[in-house]
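Each chain is listed here by its residues.
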Amino acid sequence: MNETLTRALSGVLYIIILVSATLFLNSFLVLFGVLLLLSVYEFCELVHLDKWVPFLVALSCYFFCTYYTGNTVMDFILLVLFLMTAIKAFLFLFTRAEKIISLHEKFFYLIGYIVIPFIILAKLPFIETHFNPKIVISLFILIWFNDTMAYVVGKSVGKTKLFESVSPKKTIEGFLGGLFFSALISIFIAIYYIHEPILRWIIIALIVGVFGTLGDLIESKFKRTAGVKDSGKIMPGHGGILDRLDSIIFAGPFVFLFYQIVNYVS
């Protein structure tokens, strides 16, 4: 089986499992718990961290925080911790590639860059009190569409490198193309699928495009620091789970924050 066909089949299988499991509450929570553990495993491999304590911390935090869905104080704490990590991760992009990550930094990133985003993603379908899987599915659609169109536009007309030292193939033209087309598809999502205000989903599309790309760059920086091409090999032709979820685990919390602001002012 050639590489292109393998990549296509594994990608289709991934989408089918992800979407079908997200439609139902219990399977959604189980799936994201499994994806969290796989992401923790891959992250520990990247930064050379023993796995048993991270596994225990990740599962304990995930089950505790998802059980108390709708707790505004907990949501605030999670967002503050994530934003602190996001700032540090952004600064990490501009550090020397050979910089050694200390043990306390590894655990800081583990909690704030992996565990908390998964918890927040698991809370997103409950943002309006009842379980609404369309929110998460719509985010995945925006991520996939943004990535695809960024690649197509970048391949066609891209000349100016976005962040060459971390991701040589990304271009500014591709980035802007991905933003434009994901904003366009968000209009159809708002009208025909999720039935929410168009402006809200255009803003969400821009949040996903900007912070999803930033999340992809940050994961690429971790891989460059580790000296590897992919975070894992679980998906033939695609790499690891982190390679597939790096955009949404970084963009998702910002979408969650946006919903909190919208609900507060409305």
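Everything that follows concerns the structure shown earlier in this document.
Keep in mind it's a predicted model, so treat the numbers as computed, not measured.

Section: the overall build of the protein chain
Point 1. Per the secondary structure count, the protein chain includes 9 helices and 2 strands.
Point 2. Whereas a compact globule of 266 residues would reach a radius of gyration of roughly 18 Å, the protein chain reaches 18 Å, a difference of no more than 12%.
Point 3. Within the protein chain, buried positions represent 49% of all 266 residues.
Point 4. Considering only contacts within the protein chain whose residues lie at least 6 apart along the sequence, 72% involve residues at least 24 apart.
Point 5. A total accessible area of about 13300 Å² is found for the protein chain, and carbon and sulfur atoms account for 71% of it.
Point 6. In the protein chain, the 20 positive side-chain charges and the 17 negative ones have mean positions that sit 4 Å from each other.

Observations concerning unusual backbone geometry
Point 1. One non-glycine residue, His48, lies in the positive phi region at around 60 degrees.
Point 2. Position of His48 relative to the elements: it lies in the loop between α2 (25–47) and α3 (52–67).
Point 3. Positioned with a positive phi, His195 is a non-glycine residue whose angle comes to about 55 degrees.
Point 4. The topology assignment puts His195 in the loop between α7 (172–194) and α8 (198–226).
Point 5. His195 sits in the exposed class, given a relative accessible area of 55%.

Notes on the pattern of salt bridges
Point 1. Under the defined criterion, the tally for this structure stands at 7 salt bridges.
Point 2. Linking Glu196 and Arg200 is a salt bridge whose minimum nitrogen-to-oxygen distance equals 3.5 Å.
Point 3. When its relative accessible area of 16% is taken as the criterion, Arg200 is described as buried.
Point 4. A cluster of three or more residues bridged by salt bridges with shared partners is formed by Glu219, Lys223 and Asp243.

Considering helix α9 (residues 241–265)
Point 1. If you check α9, its first and last C-alpha atoms are 36 Å apart, about what 25 residues at 1.5 Å a residue would give, namely 36 Å.
Point 2. Along α9, the sharpest change in direction is near 30 degrees and occurs at Ala251; proline Pro253 comes one to four residues later.
Point 3. In terms of burial, α9 is largely enclosed, as 18 of its 25 residues are buried.

Looking at the side chain of Asp243
Point 1. Summarising the element assignment, Asp243 is placed in helix α9.
Point 2. Among the polar contacts listed, one links the side chain of Asp243 to the side chain of Lys223, at a separation of 2.9 Å.

Overview of helix α6 (residues 134–157)
Point 1. Here α6 is 24 residues long and its end C-alpha atoms lie 33 Å apart, about the 34 Å a rise of 1.5 Å per residue gives.
Point 2. All of the buried residues along α6 are Ile135, Val136, Ile137, Ser138, Leu139, Phe140, Leu142, Ile143, Asn146, Met149, Val153 and Gly154.

Regarding the environment of Asn132
Point 1. Its place among the elements puts Asn132 in the loop between α5 (103–123) and α6.
Point 2. Sequence-wise, Asn132 and Gly174 are 42 residues apart; in three dimensions their C-alpha atoms are separated by 32 Å.

With respect to the packing of aromatic side chains
Point 1. Evaluation of the coordinates by the stated rule reveals 23 aromatic pairs.
Point 2. Between Phe28 and Phe32 the ring centres are 4.7 Å apart and the planes differ by 50 degrees, which places this aromatic pair in the tilted class. Of this pair, Phe28 and Phe32 both sit in helix α2, 4 residues apart, roughly one helical turn.
Point 3. The exposure class assigned to Phe32 is buried, which follows from its relative accessible area of 1%.
Point 4. Ring geometry for Phe126 versus Phe131: centroids 5.4 Å apart, planes at 45 degrees, classification tilted.
Point 5. Given the relative accessible area of 22%, Phe131 is considered partly exposed.
Point 6. By the ring-pair criterion, three or more aromatic residues cluster together here, those being Phe43, Phe92, Phe108, Tyr109, Tyr113 and Phe222.
Point 7. Cation over ring: Lys134 sits above Tyr193, and NZ or CZ is 5.2 Å from the ring centre.
Point 8. When the ring centre of Phe92 is taken as origin, the NZ or CZ atom of Lys221, which lies over that ring, is 5.0 Å away.

A short note on the side chain of Lys123
Point 1. Here Lys123 lies in helix α5.
Point 2. Polar side-chain contacts of Lys123 include one of 3.2 Å to the side chain of Asp75.

Concerning a nonpolar patch on the surface
Point 1. There is a patch of nonpolar side chains on the surface, built from Val73, Phe76, Ile77, Val80, Leu81 and Met84 and spanning about 550 Å² of accessible area.
Point 2. Tracing the backbone through its elements, the reader meets Ile77 in helix α4 (residues 72–92).
Point 3. Taking relative accessible area as the criterion, Ile77 reaches 43% and is therefore assigned partly exposed.

Quick word on the packing of α5 against α9
Point 1. α9 packs onto α5 with a crossing angle of 65 degrees between their chain directions and a minimal axis gap of 9 Å. As α5 packs across α9, the resulting crossing turns out to be left-handed. When α5 is examined against α9, the residues Tyr113, Ile114, Pro117, Phe118, Ile120, Leu121 and Lys123 are found in contact with a partner set consisting of Leu242, Leu245, Asp246, Ile248, Ile249, Phe250, Gly252, Pro253 and Phe256.
Point 2. Across the contact of α5 with α9, the residue classes break down as 13 nonpolar, 1 polar and 2 charged.

Cut-offs applied
- Residues numbered from 1 in each chain as written.
- Predicted model: local features only at pLDDT ≥ 70, side-chain atom pairs only at ≥ 80, totals over all residues.
- Heavy atoms only, no water.
- Helix = DSSP H or I, 4+ residues; strand = E, 2+ residues; numbered from the N terminus.
- Rg over C-alpha atoms; globule rule 2.2 N^0.38 Å.
- Buried < 20%, exposed > 50% of the residue type's maximum accessible area, 1.4 Å probe, protein only.
- Contact = heavy atoms within 4.5 Å.
- Areas by Shrake-Rupley, 256 points an atom, 1.4 Å probe, with all protein chains shown as cover.
- Lys, Arg positive; Asp, Glu negative; His and termini not counted.
- Charge placed at Lys NZ, Arg CZ, Asp CG, Glu CD.
- Salt bridge = Lys/Arg side-chain N within 4 Å of Asp/Glu carboxyl O.
- Expected span 1.5 Å × (residues − 1).
- Bend = angle between axes of the 7 residues up to and from the residue.
- Polar contact = N/O pair within 3.5 Å; in protein donor to acceptor, adjacent residues only side chain to side chain.
- Phe/Tyr/Trp six-rings, centres within 6.5 Å; stacked < 30°, edge-to-face > 60°.
- Lys NZ or Arg CZ within 6 Å of the ring centre and 35° of its normal.
- Patch = residues over 30% accessible without salt bridge, like charges linked within 9 Å, V, L, I, M, F, W, Y side chains within 5 Å.
- Axes fitted to C-alpha atoms, helices over the stretch in contact; angles between N-to-C directions.
- Left-handed = near helix turned anticlockwise from the far one by under 90°.
- Nonpolar A, V, L, I, M, F, W, Y, C, P; charged D, E, K, R; others polar.

Any link to function would need more than the numbers given here.
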